[in-house]
Amino acid sequence: MLAMDQGVVEEWLSEYKTLPDSAVSIYAASLKDKGALVPALYKVIRENYSDLLEPVCHQLFEFYRSGEPQLQRFTLQFLPELLWSLLSVSAARDPHTSGCIEALLLGIYNLEIVDKDGQSKILSFTVPSLSKPSVYHEPSAIGSLTEGALANHGLSRVVYSGPHLQRETFTAQNRFEVLTFLLLCYNAALSYMSSTSLQSLCQLSSRVCICGYPRQQMRRYKGISTRMTVTSEFLVQLITGIHYALCNGEVEIASKALDDVLYRAQLELFPEALLVGNAIKSSLHGAALKSNNKEGARSIQVEITPTSSRISRNAVTSLSIRGHRWKRHESQEVSVDSEAALPGGAIPEISVTSAGGERMPNGDSLRPRPEGRAQTDGDPLGATSDVSPDSRGYDSSTRVQEVRRQKSVRRMVENEGSGSASIGRNQY
């Protein structure tokens, strides 16, 4: 560690001890202006044998215990690096070098599981249904909902977490229970985390998941090669932070971290981590992956629920069936009226063959004669047949009247049927 970085850390340790309580808020707001402080603290945490590690951990705990939100978020930004230091030391079986880090993490955990009155907290989470949009799915992209989803429409499921037990030391049984809860607190403040903190989270995710596996050689990571035990809940919290980093400028490192977590979840057969990880991977769009915006407001990109109706216009309903039936009757009436409106009442004929002449009702063709008489091709005796336009007009007018009469009768029958049905319902 350079002497300049050591001087920055020592100055930071001394100025807070002499600070009065009334100036804590002003001091917390001024920490973001100290650009050299955060990199120097990362170097102290990464050096497990540094003499400054213990006073730094004590100072970070004092920040968190003060209750000032800005000081608490300042401590939380180092949480991924603290977790990796603890896990790497535990994997190397050298617990004596991580005592101050364990004390800091346990202190933050014990502060977060109780409220201001010292009572255990019970956290509640609302699980969205498929009929409502979330950061992982859009109802319009699923298609038609099933009857079960429609039956549960508008219902919300609430999941409760807690109360949590206080811990005085880390054991093999409670280690990941505590670390998972700490990651939950970190994810609750993701929008305040810096790019350095998000990169540290992605590095923690990759290292925890690939150490001791063949994928470590592909990533060319030369750190410890001991496999670390993980839980499904711990991986889910890692994926939550990775999802945020993906949509806020850390595309390359976050994509690798997500692949590494899914790789470990497949090896361990963790269904929860696979479900959340694959859902995030499927929901990512090109706009989100190409986003390099590291400044300004931070968010997660999701689809916007359309305001238009989701019912298809081509859906078959009882109303559409009745409307289609009346349209068909009206089109028949219009076609018959147009035929009756032709001059002379004659029905135009269309030739379906290339040969000239008219077609007879029996399929024979009428060839024009100079005398104005027509002779059928199949009539050897030269018998004649005359077609009167008056008879055709009479037939068409009769058909119009018949169609109108049938239509009126049909309406009367339907009106009587609807009336009897309504009477029957009223009687019932």
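Predicted model, so just to flag it, every value in this text is computed and none were measured. (Residues numbered from 1 in each chain as written. Predicted model: local features only at pLDDT ≥ 70, side-chain atom pairs only at ≥ 80, totals over all residues. Heavy atoms only, no water.)

1. Notes on the overall build of the protein chain
Right, on to step 1. The helix and strand tally for the protein chain stands at 18 helices and five strands.
Right, on to step 2. By residue count, 36% of the 428 residues in the protein chain fall in the buried class.
Right, on to step 3. In the protein chain, 70% of the contacts between residues at least 6 apart in sequence involve partners at least 24 apart.
Right, on to step 4. Total accessible area on the protein chain is roughly 26100 Å²; 54% of this is exposed by carbon and sulfur atoms. (Helix = DSSP H or I, 4+ residues; strand = E, 2+ residues; numbered from the N terminus. Buried < 20%, exposed > 50% of the residue type's maximum accessible area, 1.4 Å probe, protein only. Contact = heavy atoms within 4.5 Å. Areas by Shrake-Rupley, 256 points an atom, 1.4 Å probe, with all protein chains shown as cover.)

2. Considering the pattern of salt bridges
Right, on to step 1. By the definition in use, this model includes 10 salt bridges.
Right, on to step 2. The closest approach of N and O atoms between R167 and E177, which form a salt bridge, is 3.1 Å. Residue R167 is found in the loop between strand 2 (157-161) and helix 10 (175-188), and its partner E177 is found in helix 10; the two are separated by 10 residues along the sequence.
Right, on to step 3. Ionic pairing is found between E252 and K256, a salt bridge with its closest N-O pair at 4.0 Å. With E252 and K256 both in helix 14 (residues 251-268), this residue pair falls four residues apart, about one helical turn. (Salt bridge = Lys/Arg side-chain N within 4 Å of Asp/Glu carboxyl O.)

3. Points about the confidence of the model for the protein chain
Right, on to step 1. Put simply, the protein chain has an average pLDDT of 75, and 63% of its residues get 70 or more.
Right, on to step 2. Averaged pLDDT values for the elements of the protein chain fall to 46 in strand 5 (residues 375-376) and rise to 95 in helix 13 (residues 232-246).
Right, on to step 3. Below pLDDT 50 for its whole length, residues 421-428 participates in zero contacts with residues either more than four positions away or in separate chains. (pLDDT = per-residue confidence, 0-100.)

4. Looking at helix 11 (residues 195-210)
Right, on to step 1. In this model, helix 11 (16 residues) spans 23 Å end to end at C-alpha, consistent with the 22 Å of a helix rising 1.5 Å per residue.
Right, on to step 2. Extensive coverage of helix 11 is indicated by the burial of 12 of its 16 residues.
Right, on to step 3. Check the buried side of helix 11 and you find it contacts helix 3 (37-46), helix 6 (79-91), helix 10, helix 12 (215-219), helix 13 and helix 14.
Right, on to step 4. Trailing helix 11 by a residue or two, G212 shows a phi angle of about 85°, which is positive. (Expected span 1.5 Å × (residues − 1).)

5. Re the packing of helix 6 against helix 11
Right, on to step 1. The geometry of helix 6 relative to helix 11 is characterised by a closest axis approach of 8 Å and an angle of 25° between their N-to-C directions. The angle between the axes of helix 6 and helix 11 places the two elements in the roughly parallel class. In the crossing of helix 6 with helix 11, the sense of the turn from one axis to the other is left-handed. Note on element contacts: helix 11 touches helix 6 through S197, S200, L201, L204, R207 and V208, opposite P80, E81, L83, W84 and L87.
Right, on to step 2. Of the residues in the contact of helix 6 with helix 11, the class split is seven nonpolar, two polar and two charged. (Axes fitted to C-alpha atoms, helices over the stretch in contact; angles between N-to-C directions. Parallel < 35°, antiparallel > 145°, perpendicular 65-115°, else oblique. Left-handed = near helix turned anticlockwise from the far one by under 90°. Nonpolar A, V, L, I, M, F, W, Y, C, P; charged D, E, K, R; others polar.)

6. Observations concerning helix 4 (residues 53-65)
Right, on to step 1. Its 13 residues place the ends of helix 4 18 Å apart at the C-alpha level, agreeing with the 18 Å of an ideal helix rising 1.5 Å per residue.
Right, on to step 2. Buried within helix 4 we find L53, V56, C57, Q59, L60, F61, E62, F63 and Y64.
Right, on to step 3. Of the surrounding secondary structure, the elements contacted by the buried residues of helix 4 are helix 1 (3-17), helix 2 (24-30), helix 3, helix 5 (69-76) and helix 7 (99-112).
Right, on to step 4. At the C-terminal side of helix 4, G67 shows a positive phi close to 85°.

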